[in-house]
Amino acid sequence: MAQKDYVGRGRSQKQPPPPKAPLPIIRIVITLLLVAGFGYFLWILKNTPTPETEQNPKDTPSASKPAEKPILPDMPEEEWEFIASLPEYTVQIEDKQQDQPVILRLMQCGSFRKESQAEALKAKIAFQGLEAQVKTKDGRWYRVILGPYQNKRLAEKDRHILQRAKINGCKIWNWNL
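Per chain, residues are indexed from 1 in the order of the written sequence. Selection of residues for local features in this predicted model requires a pLDDT of at least 70, selection of side-chain atom pairs for listing and counting requires 80 or more, and totals for whole chains, interfaces and linings are taken over all residues. As a rule here, side-chain values cover all heavy atoms of the structure and leave hydrogens and water aside.

## Considerations on the side chain of Arg105
Under the convention used in this document: Counting from the N terminus, the helices are DSSP H or I runs at least four residues long and the strands are E runs at least two residues long. In this scheme, a residue with accessible area under 20% of its type's maximum is buried, one over 50% is exposed, and one in between is partly exposed, where area comes from a 1.4 Å probe on protein chains only. For the purpose of counting charges, residues Lys and Arg are taken to be positive, whereas Asp and Glu are taken to be negative. His and the chain ends are not included. Any Lys or Arg side-chain nitrogen located within 4 Å of an Asp or Glu carboxyl oxygen qualifies as a salt bridge. By the criterion applied in these results, polar contacts are pairs of N or O atoms within 3.5 Å in which, for protein atoms, one can donate a hydrogen and the other can accept it, and in which residues neighboring in sequence qualify only through two side-chain atoms. Contacts: residue pairs with any heavy atoms within 4.5 Å of one another.
If you trace the backbone, Arg105 turns up in strand E1 (residues 105-112). For the buried Arg105, no salt bridge is present, and the opposite-charge side chain at shortest range is Glu156, 8.1 Å distant. Side-chain polar atoms of Arg105 contact the side chain of Asn174, separated by 2.3 Å. The residues touching Arg105, leaving out its near neighbours within four places in the chain, are Gly147, Pro148, Tyr149, Asn151, Lys152, Ile172, Trp173, Asn174 and Trp175.

If you want it as structure tokens, here you go:
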């Protein structure tokens, strides 16, 4: 490797520091004007009379006469009809769930090439109190499934039980009959 000669280059010249910016006089003047204007605004607010303190000489009560309270009418008794009619009231509703078709769901927790792996997962699931099945697809894949479930909420409940037992990766699918 060749030696580099740094002596021939000479020293790099130091750049002079940038000139200092003059005081931002314009900013200072604007700030002082804003503070002075705000102070003047507050002084005006303090010295202007409020409408409550302004009184006409005609409206001033005499010192010997106390201020009179206005006379208000008596408050009417409130009559609530619904207290008596509510117990006999009935509402007819339509059950929307009966109109919907039932979609069965199944939960697949694993798919394996070896039947022994599928059976091991089925045993883990059985220890959690759930019943799993091993289905064969094409003779090569062994799927571990649970179900069928009437609704997704029941399937989610079982999936959470399995997740607490560290059995993750279970998917909920619509079951085609």
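## So, the nonpolar core
For soluble globular proteins, the rule of thumb is that nonpolar side chains tend to be buried together. So the rule is basically this: Among buried residues, those of type Ala, Val, Leu, Ile, Met, Phe, Trp, Tyr and Cys that are joined through side-chain atoms within 4.5 Å constitute a nonpolar core.
By size, the foremost hydrophobic cluster in this structure holds 16 residues, and its most contacted members are Met107, Cys109, Ile125, Leu146 and Leu162. When residues of this core are traced back to their parent elements, those giving at least two are E1, helix H4 (115-127), strand E3 (141-149) and helix H5 (152-164). Broken down by element, this core gets its largest block of residues, 4 residues, from E3. Not counting residues up to four positions away in its chain, the partners in contact with Met107 are Val144, Ile145, Leu146, Tyr149, Ala155, Asp158, Arg159, Leu162, Cys170, Lys171 and Ile172.

## Thoughts on the side chain of Gln108
Following the sequence through the fold, Gln108 ends up in strand E1. For Gln108, a relative accessible area of 19% translates into the label buried.

## Concerning H5
Cut-off, in case you're wondering: In this scheme, a helix's expected span is set at 1.5 Å multiplied by one less than its residue total. Taken from the helix axis, the directions to the C-beta atoms give the arc we talk about.
A rise of 1.5 Å per residue sets the reference length of H5, with its 13 residues, at 18 Å; its end C-alpha atoms lie 18 Å apart and thus fit the reference within 8%. Taken together, the buried positions of H5 are occupied by Ala155, Asp158, Arg159 and Leu162. Projection of H5 onto a plane perpendicular to its axis shows the buried side chains occupying an angular sector of 105°, all on one side. What points out from H5, more than 90 degrees from its buried face, is the exposed set Arg153, Lys157 and Arg164. The elements touched by buried residues of H5 are E1, H4, E3 and strand E4 (171-174).

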